[in-house]
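# Remarks on the overall topology
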Amino acid sequence: MSHPNDAPRVVPLQPTHAPACEAIARALPDWFGLEDGLRQLRADAERGPGWVAVVAGDVVAFLTLRRHFAETWEITWLAVAPARRRRGLGRRLIDTAAGQCRAAGARLLLVETLADTVPSPAYAETRAFYRSVGFVPLVVLPEVWGPENPCLLLVRAL
């Protein structure tokens, strides 16, 4: 029988959540396998803004944001703990972030991921997820991460 405290709650990201966010990312090496990226993720989680999903006091998913302009915000990091994937937590975090960005006057929410020109089952799953929550591909930018890791920019109207 589940306990009421087992229901996921989405709350604002706090600097104290950063170690848990980093631990979640480290548990997902197919997506977060580069040490430089993990250091940047930790810094972004310490700085915010963003959201975390908490179950029984434990952070089980997180999303960080960056405001580029009043009209455009970007999801910089999103991850769900391996044991909690495919339960709607990523969707809840994106819906919460989209609401926050819209309330702040944003018209577009952006996210960068690996383009489909590089074969990767993990990133094929990522692209399918973002499409399922309303993002559409905008442009491939090979110069962002280098030609061996072409960046796909996706956008969602708010």
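This text gives an overview of the structure that appears in the document. Note that the structure is a prediction, hence the values are computed from the model and not measured. (Residues numbered from 1 in each chain as written. Predicted model: local features only at pLDDT ≥ 70, side-chain atom pairs only at ≥ 80, totals over all residues. Heavy atoms only, no water.)

## Section: the packing of helix α1 (residues 18-26) against helix α2 (residues 35-47)
Using the following cut-off: Whenever a helix is involved, its axis is fitted only over the stretch in contact; in every case the axis is a line through C-alpha atoms, and angles between N-to-C directions fall within 0 to 180 degrees. Strands are runs of DSSP state E lasting at least two residues, helices are runs of H or I lasting at least four, and both sets are numbered from the N terminus onward. Reported orientations rely on four angle classes, namely roughly parallel under 35 degrees, roughly antiparallel over 145, roughly perpendicular from 65 to 115, and oblique for the rest. Two helices crossing with the near one rotated counterclockwise from the far one by less than a right angle form a left-handed crossing, whereas a clockwise rotation gives a right-handed crossing. Residue contacts are defined here by distance: any two heavy atoms, one from each residue, within 4.5 Å place the two residues in contact. Classification convention: Asp, Glu, Lys, Arg as charged; Ala, Val, Leu, Ile, Met, Phe, Trp, Tyr, Cys, Pro as nonpolar; all other residues, Gly among them, as polar.
Two numbers describe how α1 lies on α2: the axes approach to 8 Å, and their chain directions differ by 150°. Viewed along their axes, α1 and α2 adopt a mutual orientation that is roughly antiparallel. Note on packing geometry: the crossing formed by α1 with α2 is right-handed. In this structure, α1 contributes A18, P19, C21, E22, A25 and R26 to the contact, and α2 contributes E35, L38, L41, R42, A45 and E46. In the contact of α1 with α2, the residues fall into seven nonpolar, no polar and five charged.

## With respect to the environment of D95
Along the chain, D95 turns up in helix α3 (residues 89-103). Along the backbone, D95 and V133 are 38 residues apart, and their C-alpha atoms lie at a distance of 8.4 Å.

## Points about the pattern of salt bridges
Note the following rule: Salt bridges are identified by distance alone: a Lys or Arg side-chain nitrogen within 4 Å of an Asp or Glu carboxyl oxygen. Any residue under 20% of the maximum accessible area for its type is buried, any over 50% is exposed, and the rest in between are partly exposed; the area is computed with a 1.4 Å probe on protein chains only.
Throughout the structure, instances matching the rule amount to nine salt bridges. A salt bridge links R42 to E46; its shortest N-O distance comes to 3.0 Å. You can see R42 and its partner E46 sitting in helix α2, four residues apart, about one turn around the helix. Take R42: its relative accessible area is 27%, and that puts it in the partly exposed class. A relative accessible area of 40% places E46 in the partly exposed class. The partner of R85 in a salt bridge is E125, with the nearest N and O atoms 2.1 Å apart. Residue R85 is located in the loop between β4 (72-80) and α3, and its partner E125 is located in helix α4 (residues 121-132); the two are separated by 40 residues in the primary sequence. By relative accessible area, R85 is classed as partly exposed at 29%. One network of salt bridges, in which partners are shared, links E22, R26, E35, R42 and E46.

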